[in-house]
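Listed here are the chains, written in short residue letters.
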Amino acid sequence: MSQEIYPAEPEATRRDASQAESSRASRGWWDRNADEYQSDHGAFLGDDRFVWGPEGLDEAEAGLLGPAGSLIGLDVLEIGAGAAQCSRWLAAQGARPVALDLSHRQLQHALRIGGEVPLVEADAGVLPFRNGSFDLACSAYGAVPFVADPVQVFREVRRVLRPGGRWVFSVTHPLRWAFPDEPGPEGLSVAASYFDRTPYVEQDERGEAVYVEHHRTLGDRVRDVVAGGFRLVDLVEPEWPAWNRQEWGGWSPLRGNLIPGTAIFVCERD
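Here's a quick rundown of the structure. Because the structure is a prediction, the values reported are computed rather than measured.

1. Concerning the layout of surface pockets
Each pocket or cavity is described by its volume, and for the second largest pocket that value is around 230 Å³. In terms of lining residues, the second largest pocket is bounded by 11 residues, among which Ala8, Glu9, Pro10, Arg32 and Val210 are the most central. Of all the elements, helix H1 (residues 19-45) adds the most residues to the lining of the second largest pocket, at 3 residues. Considering only residue class, the lining of the second largest pocket consists of 5 nonpolar, 1 polar and 5 charged.

2. Description of the packing of aromatic side chains
The description of an aromatic ring pair rests on the distance of the ring centres and on the angle between the ring planes. Evaluation of the coordinates by the stated rule reveals 17 aromatic pairs. Consider the rings of Phe154 and Trp167, whose centres lie 6.1 Å apart with planes at 65°: the pair is edge-to-face. Remark: Trp167 occurs in strand E6 (residues 161-172) and Phe154 occurs in helix H5 (residues 150-160); sequence separation between them is 13 residues. Judged by relative accessible area, which is 0%, Phe154 ranks as buried. Counting every residue linked through ring pairs, the aromatic cluster contains Trp29, Trp30, Tyr37, Phe44, Phe146, Tyr200, Tyr211 and Trp248. One Lys or Arg, Arg49, reaches over the ring of Phe44 and ends 5.3 Å from the middle of that ring.

3. Notes on the sheet that holds strand E10 (residues 262-269)
Taken together, the 7 strands give an open sheet; going across it, the order is E4-E3-E2-E5-E6-E10-E9, and neighbouring strands pair in mixed fashion. In the strand order of this sheet, the two ends are held by strand E4 (119-121) and strand E9 (230-236), each with one partner. Strand-to-strand twist in this sheet, taken as the mean axis angle between neighbours without regard to direction, amounts to 20°. Bridging between strand E2 (residues 75-79) and strand E3 (residues 96-101) involves 5 bridges; their strand directions are parallel. Within the sheet, the bridge partner assigned to Leu77 lies in E3 and is Val98. Along the sheet face, helix H3 (residues 85-92) touches E2, E3 and strand E5 (134-140) and points at about 175° away from the line of E3. Its contacts with the sheet place helix H6 (residues 218-227) against E6, E9 and E10, and it is angled at close to 145° to E9.

4. Re the state of the cysteines
Simply put, the disulfide is a covalent bond whose two ends are the sulfur atoms of two cysteines. Enumeration according to the criterion identifies 0 disulfides in this entry. Distance from the sulfur of Cys138, which forms no disulfide, to the nearest cysteine sulfur (Cys86) is 6.5 Å. Classification of Cys138 as buried rests on a relative accessible area of 0%. The thiol sulfur of Cys267 is not disulfide-bonded, and the nearest other cysteine sulfur, from Cys138, lies at 12 Å. Overall, the relative accessible area of 0% leaves Cys267 in the buried class.

The rules behind each value
Residues numbered from 1 in each chain as written. Predicted model: local features only at pLDDT ≥ 70, side-chain atom pairs only at ≥ 80, totals over all residues. Heavy atoms only, no water. 1 Å grid on protein atoms, 1.4 Å probe; cavity = no way out; pocket = protein on both sides within 12 Å on 5 of 7 lines; lining within 4 Å. Points joined across faces, edges and corners; volume = space filled by probe spheres on them. Helix = DSSP H or I, 4+ residues; strand = E, 2+ residues; numbered from the N terminus. Nonpolar A, V, L, I, M, F, W, Y, C, P; charged D, E, K, R; others polar. Phe/Tyr/Trp six-rings, centres within 6.5 Å; stacked < 30°, edge-to-face > 60°. Buried < 20%, exposed > 50% of the residue type's maximum accessible area, 1.4 Å probe, protein only. Lys NZ or Arg CZ within 6 Å of the ring centre and 35° of its normal. Pairing = 2+ DSSP bridges. Axes fitted to C-alpha atoms, helices over the stretch in contact; angles between N-to-C directions. Contact = heavy atoms within 4.5 Å. Disulfide = S-S within 2.5 Å.

Everything listed is a geometric property; what it means functionally is a separate question.
In structure tokens form, the structure reads like this:
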């Protein structure tokens, strides 16, 4: 009887990872895991809802892209769009969104759900659009945590935005990097230095990265925004709402009521 061989579990480590290695790992990881991700989180994300993070902060409530009614007729770029749930919500508000993602499989899920939103497969560090193509750009946990050079991404976003354009993105709150990525009590004790910027890498038996996430302190993020040519106008740290009883990876009601889990940067191009 033949014995089926399964790939070895990746090794988790902290080491440097270049932009090219990070991009390659992200594309492969999301292509392999898109089905499971959409199965696990699709109900929470909805098909046409704009959620900024696991806390469940909804753009319809937060208005970080602008007040109600202000999106009508605006060209909007969603970066790291996944299955384009946020873009569908934007379209329903009268905007003209474009959903961009590195992962072909994630965009296949966008096609499965349907809608008229244009889909683009591309790297956030090299946006395939002309200068001044959009009025707004947004990203809910897309691209930014996974790139080695966020300033390059921000400069590309600035390039494709029109003067006065807004760029709003959410990431794991930098404080979380000092704690284990666990939803229970074990995730409440500091286990690492907040100031250690060494990327988190999962690598295969050949030492090649299959998943990479880059840590930046809160100050780093602010400096990156400025270096990218933006003015920071707000920094939102969503509190965990009483209605949300779900666990999502290391996010949970227990931790969410004690330490921030998401940081949302609201930026404008002068």
